[in-house]
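# Fold and contact review
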Amino acid sequence: MPIAIGLEGSANKLGVGIISHPQRLSTPQFPHDSAYSEDEPKPHGSKYVSPPVEILANLRHTFVTPPGTGFLPKDTAIHHRRWVVRLVKQAMQQAKVKLEDVDCICYTKGPGMGAPLGSVAIAARTLSQLWGKPLIGVNHCVGHIEMGRAITGADNPVVLYVSGGNTQVIAYSAQRYRIFGEALDIAVGNCLDRFARVLNISNDPAPGYNIEQLAKKGKVLLELPYAVKGMDVSFSGILARVEEMAKRLEASQTGSDGPWKDEESGEPITQGDLCFTLQETVYAMLVEITERAMAHVGASQVLIVGGVGCNERLQQMMGKMASERNGSVYATDERYCIDNGIMIAHAGLLAHKMGFRTALQESTFTQRFRTDEVLINWRD
Amino acid sequence: MPASRLLPTPFHGSEEAFHMIAQGAEGVVYRTNFLSSNSSTSPSNDISGNAALKIRYPKPWRHPILDRRLTRQRILAEARVLVKLSRELRAPGDGISGAVPNVLGMSSEEGWLATEWIEGATVKAGIRGWEERQRVLREKAQRGDDVASEAQLEVLRALLRRIGAVVGRLHVCGIVHGDLTTSNMMVRACKPSPMGKAEAVASTSDDDKLEGEIVLLDFGLAQQSIADEDRAVDLYVLERAFGSTHPKVMEGRYSGQSAGAMFDEVLQAYAVATGKAGKITLRKLEDVRMRGRKKSMLG
Ligand SMILES: Nc1ncnc2c1ncn2[C@@H]1O[C@H](COP(=O)(O)OP(=O)(O)O)[C@@H](O)[C@H]1O
Ligand SMILES: [Mg+2]
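What you are looking at is a predicted structure, and each value in this text was computed from that prediction instead of being measured.

Rules used throughout
- Along each chain, the written sequence defines residue order, and numbers are assigned to residues from 1.
- Written order determines the labels here, with chains lettered from A and ligands numbered from 1.
- The predicted origin of the model limits local features to residues at a pLDDT of at least 70 and limits the giving and counting of side-chain atom pairs to 80 or more, whereas totals for whole chains, interfaces and linings rest on all residues.
- Side-chain measures here rest on the full set of heavy atoms in the structure, leaving out hydrogens and waters.
- Secondary structure elements follow DSSP: runs of H or I of four or more residues count as helices, runs of E of two or more count as strands, with numbering from the N terminus.
- Radius of gyration: C-alpha atoms only; globule rule: 2.2 Å multiplied by the number of residues to the exponent 0.38.
- Type-normalised accessible area, obtained with a 1.4 Å probe on protein chains alone, sets the label of each residue: buried when under 20%, exposed when over 50%, and partly exposed for intermediate values.
- Any two residues whose heavy atoms approach within 4.5 Å are treated as being in contact.
- Per-residue and other accessible areas were derived by the Shrake-Rupley procedure at a 1.4 Å probe size, with only the shown protein chains allowed to occlude residues.
- Near is defined per residue: the residue qualifies when any heavy atom it owns lies within 4 Å of the molecule or strand.
- Counted as a polar contact is a pair of N or O atoms within 3.5 Å, where, for protein atoms, one must be capable of donating a hydrogen and the other of accepting one, and residues adjacent in sequence contribute only when both atoms are in side chains.
- Any residue that is not Ala, Val, Leu, Ile, Met, Phe, Trp, Tyr, Cys, Pro, Asp, Glu, Lys or Arg is counted as polar, Gly included; the first ten are nonpolar and the last four charged.
- Domain ranges listed in this record stem from an automatic or a database domain assignment.
- Helix axes use the C-alpha atoms of the stretch in contact, all axes being lines fitted to C-alpha atoms, and the angles between their N-to-C directions lie in the range 0 to 180 degrees.
- Here the angle decides the label: under 35 degrees means roughly parallel, over 145 means roughly antiparallel, 65 to 115 means roughly perpendicular, and every other value means oblique.
- Only nitrogen, oxygen and sulfur atoms qualify as donors, provided they sit within 2.8 Å of the metal or within 3.2 Å for Na, K and Ca; with water excluded from the atoms, sites may seem incomplete.
- Buried area, as used here, totals the accessible surface that two parts lose on assembly, with accessibility defined by a 1.4 Å probe and the loss added over both.
- Salt bridge criterion: a side-chain nitrogen from Lys or Arg within 4 Å of a carboxyl oxygen from Asp or Glu.
- For cavity detection a 1 Å grid was placed over the protein atoms alone, and a set of points counts as a cavity when a 1.4 Å probe fits there but cannot get out; an open set counts as a pocket when protein lies on both sides within 12 Å along at least five of seven lines, with lining residues being those that have an atom within 4 Å of a point.
- Grid points are joined across faces, edges and corners, and a volume is the space filled by probe spheres set on the points.
- Think of it this way: DSSP has to see at least two bridges between two strands before they count as a pair.
- Here, the term right-handed applies to a crossover whose path from the first strand over the helix to the second runs clockwise when the strands point away from the viewer.
- UniProt positions are given in the numbering used here, feature names are shortened, and annotations may be inferred rather than shown by experiment.

### A closer look at the overall build of chain A
- Broken down by element type, chain A carries 10 helices and 12 strands.
- The C-alpha atoms of chain A give a radius of gyration of 22 Å, which matches the 21 Å a tight globule of 380 residues would have.
- Counting only C-alpha atoms and orienting by the principal axes, one finds that chain A spans roughly 75 × 50 × 30 Å.
- Counting every position in chain A, which comprises 380 residues, the buried fraction comes to 56%.
- Here the analysis covers contacts within chain A between residues at least 6 apart in sequence; of these, 79% occur between residues at least 24 apart.
- As displayed, chain A offers around 15,500 Å² of accessible surface, 51% of which is attributable to carbon and sulfur atoms.

The following block contains the structure:
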C-alpha cells in the first residue's frame, strides 16, 4: 500500500498531505506488455482509471496579509519555515502511519515564488535525509490536474487551471498535458487579487472569495475590454480599466461631483457592481476559451482546478456551457482546488510508482516549470 | 437539443432541411440549401446543400448584455472580413492558392451567417488521417519507430508550406485571424485533372486529401490590423495550436528532425509570401515566444 507525504508552498499557502493508493482496480499494465500500441484507440472498457486514493491527512496554513497588501516572497518564506515542522508533525499524528510505511517525500519543484518554494524544498530534503526516504519533485500544475481527476473521476477532461499564478487550458495527448490556451500576461487570480487591493477588500480567507460575495450584490454590467485571442486571453487591459473604475467610484463617493450613476437606471454604481462586472467579464472569457478547446479536441468533459476554481459563479457558468454541449463539468471544493499538500503527494506517488526519483543533488526548485515539460508516463 | 436552439426566424420550421455538421466553438454549423431553387426538391435524408449556415445561439451562461454584444460584433466582423477576403485573398500570379467561403447571407441580430459550402475536410482531420495512415504502414512493416517515408513527409511539408503562404497572404491583406487552429482551416477536396488543373469533386482518395486548396474559416475573432505585434501573436497562436493538437508531427517524431523543424516549413513559406514586412513579423514572433516562456508564474 504505497504511501506518500506531500509538501506544497509555491505561494502563500503551506500544505502538508499524506496519501495512500490502496489498491489497483485494473490489472497492472506494463508499458510493452499490452495488446495495443499507444496510438490505437483503446479496446472498449480498458480505459485508464485514476487509482482510488485515500486521504490520510490534508493540512494547510495560509499566510494572510492585511487588506490592501499582497504577500511578499520573503515574508511568505518566513511563514512557511515557521509552520512546516508543526504541520508535518500534526499530519503524521493524524494519519497514524508508521514511518517505515512511508514510500517517498514529495515536494513542489515549481512553478511559483522562489523564496517560498526554496524553504519548502529544504524542508523536504531534510525529511528525506532524516528518514531515509526518496525525494520526488512535483510540478505544481500536474499536481492540481491529477488530484482533480482522482477526486472527481473525470477520465480525460479538458482542464481549466486557474489560480493566482496560472491561467491555462490543458488537454492530455501523447503522454503530456498540452497547453492549448493561456493568459498572455497576468493570471486571472492575480487580476482579481490586485483589484481587491485597490478596493481594500479583505484577503481573508481569500480576496477572490470576498469579490464573489460582493458581486452577489451587484446588478449593473459596465463595459470592460474583452480580450480573447483564439484560446488565449489577456487580463492586464481589464485590470487597468477596472482599477480606473474603482478610483472613479471612490472619488464620486468622497468628492463634490456627486455619486456615479448608472446611465440607464439612474441608480448609483456600487462596489458590488464593479465586482459583478469584473467577474462576469473574466469568467465569460475563461468559459469561452475552454469551450473553444473542447470543440477543437472534441471533448465533452471539463475539469476546473486551481484556487479560482472554487468560485461558484465560474462553476455555474462552466456547467451551463458543458450541458449545452451534452457534457459535464467537474470541480472540487476548497480542500482540493486551493493549493494543498495532498495533490503533491498524489502526483508524486504516481511518478514514484513509475520509478521516478529526484536525486538529492537535483532537488532544486524553479519559478518557471511548464506543465507540458513533465512526461506523464502513468497515463496511456 | 437545448431549448435555446430553435432555428432563427427565416429558417424556423424547416428543420428537416438542415443537417447539423459541427458544434463549433461558437456556433452550430448546418449544411443546407440557401436561396437556391432545388431547396424544395432536395430529399430530407440526403445530406447535401450549397451552404454552411453557422448559427450563434445565445449562450445562456454569459450575461445577456455581454452575449448580445459579442455575438453581434463577431458576426459583423466575420462577414465583413469574408467579403473583403473573397476579393483579395486569391491574388493572381504568385501561385499561392488560398480562399475563404463566399458569404451568402447574414443577420447580426438573429445571429446567423450563411456561407458557401466547402467540400473537403479540416486540416485537423487531414493531419490525423495522415498520422493514422502512418500507423497502419508501420504496423504492416512491423516497425517500432515512427519515422515516415520521405514521400509521405513531403505531403505533410507541402501542406504546411501552403498554410504558411496563405496565412502570409492573409496578413498582407491587412487581416489577422485571431483563432488560427487546424479546426479553422480546410483542405478543399480536389483531384488533379488531365489538364493539370485542380477541380473540386465530392470525394477523393486519402492520398490527395492533403493536396487541395487551403480554405480559411471562422473569422469571428478577426481584426483589420497590420501591426507586427498582432501578426506575430497570430503566428504564435497557430504554432501553439499545431504543437498541442498534433504533438507527434511537431516534435519531429515522424521525420527524426528536431522539434520546431516542421513548423519552420510554415514560417519559411510565410516569409516568402510576406517579403520585407514578414521578416519584421518573424523577429517579433521571437519576442512573443520569449514572453510566453519567460512569463512570471506570479503575474
Ligand atoms: N463553409 C463551410 N463549409 C464546410 N464546412 C464548414 C464550413 N464552415 C464551417 N464548417 C465546419 O464547421 C466547423 C465549425 O465552423 P466554424 O466556422 O469554425 O465555427 P465555430 O466558430 O463555432 O468554431 C468547422 O471546423 C468545419 O468543420
Ligand atoms: Mg472554429
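Picking up after the structure, the text goes on.
### Here's the deal with the site of ligand 1
All names here are of chain B.
- The immediate surroundings of ligand 1 are formed by 19 residues, with Glu 26, Gly 27, Lys 54, Ile 118 and Asp 218 found nearest.
- Within the backbone of Ala 25, a nitrogen or oxygen atom sits 3.0 Å from an oxygen atom of ligand 1.
- Within the contact set of ligand 1, a nitrogen atom lies 2.9 Å away from a backbone nitrogen or oxygen of Glu 116.
- In the complex, 90% of the free accessible area of ligand 1, which totals 550 Å², lies under the protein chains.
- Sorting the residues of the shell around ligand 1 by element identifies strand S3 (51-55) and strand S6 (112-116) as the ones contributing at least two each.
- Partitioned by chemical class, the residues of the shell around ligand 1 number nine nonpolar, six polar and four charged.
- Counting contributing residues, the shell around ligand 1 receives three or more from each of domain 1 (9-116) and domain 2 (121-298).

### As for the packing of helix H4 (residues 188-198) of chain A against helix H7 (residues 271-297) of chain A
All names here are of chain A.
- Where H4 meets H7, the closest approach of the two axes is 11 Å, and the angle between their N-to-C directions is 175°. By the angle between their axes, H4 is roughly antiparallel relative to H7. Note on element contacts: H7 touches H4 through Leu 274, Cys 275, Leu 278, Val 282, Tyr 283 and Leu 286, opposite Val 188, Cys 191, Leu 192 and Phe 195.
- Classifying every residue of the contact of H4 with H7 gives 10 nonpolar, no polar and no charged.

### Notes on the coordination of the magnesium ion (ligand 2)
Residues and elements named next belong to chain B.
- Within the protein, the magnesium ion (ligand 2) binds to Asn 184 (OD1) and Asp 218 (OD); these donor distances fall in the range 2.1 Å. In this pair, Asn 184 is assigned in the loop between strand S8 (175-176) and strand S9 (185-188) and Asp 218 in the loop between strand S12 (214-216) and strand S13 (223-224), connecting sequence segments 34 residues apart. Of the two residues, Asn 184 and Asp 218, neither departs from the other in class, the shared state being buried.

### Quick word on the interface of chain B and chain A
- If you look at the interface, chain B gives 47 residues, while chain A gives 54 residues.
- When the two sides are added together, the surface that chain B and chain A hide from each other amounts to roughly 4,200 Å², 51% of it contributed by carbon and sulfur.
- Our count for the chain B to chain A interface comes out at nine salt bridges.
- Between Lys59(B) and Glu291(A) there is a salt bridge, and its shortest N-O distance comes to 3.1 Å.
- At the surface where chain B touches chain A, the tally comes to 16 residue pairs in polar contact (both at pLDDT 80 or more).
- Secondary-structure elements contributing two or more residues to the side of chain B that touches chain A are helix H1 (64-88), helix H2 (123-141), helix H4 (228-245), helix H5 (247-250) and helix H6 (261-294) of chain B.
- With eight residues, the single largest contributor to the side of chain B that touches chain A is H4(B).
- A breakdown of the residues in the side of chain B that touches chain A according to their chemical character gives 14 nonpolar, 14 polar and 19 charged.

### Structural notes on the domain arrangement of chain B
Residue and element names in this part refer to chain B.
- When its domains are assigned, chain B resolves into domain 1 (9-116) and domain 2 (121-298).
- Each partner contributes to the interface: domain 1 provides 22 residues, whereas domain 2 provides 19 residues.
- Between domain 1 and domain 2, the buried area comes to about 1,700 Å², and carbon and sulfur atoms account for 59% of it.
- Of all residues in domain 1, Val 81, Leu 89 and Ile 96 bury the most surface against domain 2, accounting for 27% of the area lost on that side.
- Applying the counting rule to domain 1 against domain 2 returns two salt bridges.
- With a shortest N-O distance of 3.6 Å, Glu 116 and Arg 188 are connected by a salt bridge.

### Some details on empty space enclosed by the protein
- Counted by the stated rule, this structure contains six cavities of 30 Å³ or more.
- When its volume is computed, the largest cavity comes out at roughly 120 Å³.
- For the largest cavity, the lining is made up of 16 residues, of which Glu291(A), Glu324(A), Arg5(B), Gln23(B) and Lys59(B) are closest to its centre.
- For the lining of the largest cavity, the per-class residue count stands at six nonpolar, three polar and seven charged.

### Observations concerning the pairing of strand S5 (residues 135-139) of chain A
Residue and element names in this part refer to chain A.
- Of all five residues in S5, five are buried; the element is thus mostly enclosed.
- Going residue by residue along S5, you find Leu 135, Gly 137 and Asn 139 tucked away on one face and Ile 136 and Val 138 tucked away on the opposite face as well.
- By the bridge criterion, five bridges tie strand S4 (residues 104-110) to S5 in an arrangement that is parallel. When the sheet's bridge partners are listed, Thr 108 is paired in S5 with Val 138.
- Considered for its hand, the β-α-β crossover made up of S4, helix H2 (residues 114-131) and S5 is right-handed.

### Details of the pattern of salt bridges
- Applying the stated criterion to the full structure yields 43 salt bridges over all chains.
- Note that Arg292(A) and Asp179(B) form a salt bridge whose closest N and O atoms lie 3.4 Å from each other. Here Arg292(A), found in helix H7, pairs with Asp179(B), found in the loop between S8 and S9, and the two come from separate chains. Residue Arg292(A) shares its accessibility class with Asp179(B), and that shared class is buried.
- Across the salt bridge formed by Arg161(B) and Glu154(B), the nearest N and O atoms sit 2.5 Å from each other.
- The network of salt bridges with shared partners includes Glu288(A), Arg292(A), Glu26(B), Lys54(B), Arg56(B), Arg62(B), Asp67(B), Arg74(B), Glu78(B), Asp179(B) and Asp218(B).

### Things to note about the UniProt feature "binding site: substrate" (unreviewed entry) in chain A
Residue and element names in this part refer to chain A.
- Feature annotation in UniProt assigns "binding site: substrate" (unreviewed entry) to the following positions: Tyr 161, Val 162, Ser 163, Gly 164, Gly 165, Asp 193, Gly 208, Glu 212 and Asn 311.
- The exposure class assigned to Tyr 161 is buried, which follows from its relative accessible area of 0%.
- Setting aside chain neighbours within four positions, we find Tyr 161 in contact with His 140, Cys 141, His 144, Asn 166, Thr 167, Gln 168, Ile 170, Val 305 and Gly 306.
- Of the polar contacts made by the side chain of Tyr 161, one reaches the side chain of Asn 166; its length is 3.4 Å.
- With respect to the helices, strands and loops of the structure, Asn 311 is situated in the loop between strand S11 (301-305) and helix H8 (312-324).
- Given the relative accessible area of 5%, Asn 311 is considered buried.
- Setting aside chain neighbours within four positions, we find Asn 311 in contact with Gly 208, Glu 212, Gln 279 and Tyr 283.
- Among the polar contacts made by the side chain of Asn 311, one reaches the side chain of Tyr 283 at a distance of 3.1 Å.

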